[in-house]
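Coordinate analysis (summary)
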Amino acid sequence: MDWTHYRFRSRWVLPAPPATVYEVLERAEEYPRWWPQVREVTRLDDTTGVIRIRSVLPYDLQFTARETCRDPGVGVLEIAMSGDIEGWARWTITAGGAGALARFEQAVDVHKPLLRRFAVPGRPVFRANHRLMMRAGQRGLVAYLEAV
């Protein structure tokens, strides 16, 4: 088993139509407005940016995100990542109940030396840190959607 490889999945139930959720999620440079752990997004061009995140644990992760799929017809947004983490992440937005369901999937390899050094003993803590980040992101997006 590669202890520096992670695969994450989250499901967010959101109180807005899928098209509205898609429009918010495709504007990554605005994530810091509603997602506290997304500290900074610097757009480099129309399809690439540098993202800095930090959850509960005292370390930042920085990576370059390059858009690989943007398809509003099927509700998919996907990026390739390189830097402290390397891999991909995908949002799939569909109708769900009275609003939308946003599915997040991510597969990454960790390159940040500190996280590699503590890969085995830290793995449960790193996974919990990610869950906390995703939970805060969902709460932030719900509040943002309700305010708009």
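See above for the structure.
Residues numbered from 1 in each chain as written. Predicted model: local features only at pLDDT ≥ 70, side-chain atom pairs only at ≥ 80, totals over all residues. Heavy atoms only, no water.

Let us now look at the overall build of the chain. Broken down by element type, the chain carries four helices and seven strands. Its C-alpha atoms give the chain a radius of gyration of 15 Å, within 12% of the compact-globule value 15 Å for 148 residues. Dimensions of the chain along its principal axes, counting C-alpha atoms only, are 45 × 30 × 25 Å. Split into buried and exposed, the 148 residues of the chain put 44% on the buried side. Look at the contacts in the chain between residues 6 or more apart in sequence, and 51% of them connect residues 24 or more apart. (Helix = DSSP H or I, 4+ residues; strand = E, 2+ residues; numbered from the N terminus. Rg over C-alpha atoms; globule rule 2.2 N^0.38 Å. Buried < 20%, exposed > 50% of the residue type's maximum accessible area, 1.4 Å probe, protein only. Contact = heavy atoms within 4.5 Å.)

Right, let's talk about helix 4 (residues 119–147) for a bit. The first and last C-alpha atoms of helix 4 sit 40 Å apart over 29 residues, in line with the 42 Å expected at 1.5 Å per residue. Along its length, helix 4 shows its largest kink, about 30°, at V125. (Expected span 1.5 Å × (residues − 1). Bend = angle between axes of the 7 residues up to and from the residue.)

A few words on the nonpolar core. Counting 39 residues, the largest nonpolar core has W12, L25, W34, W35, W91 and L141 as the members making the most contacts within it. Residues within four places of L141 in sequence aside, it is in contact with W12, L14, V24, L25 and W34. (Core = buried A, V, L, I, M, F, W, Y, C linked by side-chain atoms within 4.5 Å.)

Across the sheet, seven strands lie side by side as 1-7-6-5-4-3-2; this open sheet has antiparallel pairing. Either end of the sheet is taken by a strand with one partner, and the two such strands are strand 1 (5–14) and strand 2 (38–43). For this sheet, the mean inter-axis angle between neighbouring strands, taken without regard to orientation, is 20°. One ladder, built from five bridges, connects strand 2 with strand 3 (residues 48–53); its direction is antiparallel. Paired with V38 across the strands is I53, a residue of strand 3. The strands touched by helix 1 (residues 18–25) are strand 1, strand 4 (61–71), strand 5 (76–83), strand 6 (85–96) and strand 7 (99–110); relative to strand 6, the strand with the most contacts, the crossing angle is about 160°. (Pairing = 2+ DSSP bridges. Axes fitted to C-alpha atoms, helices over the stretch in contact; angles between N-to-C directions.)

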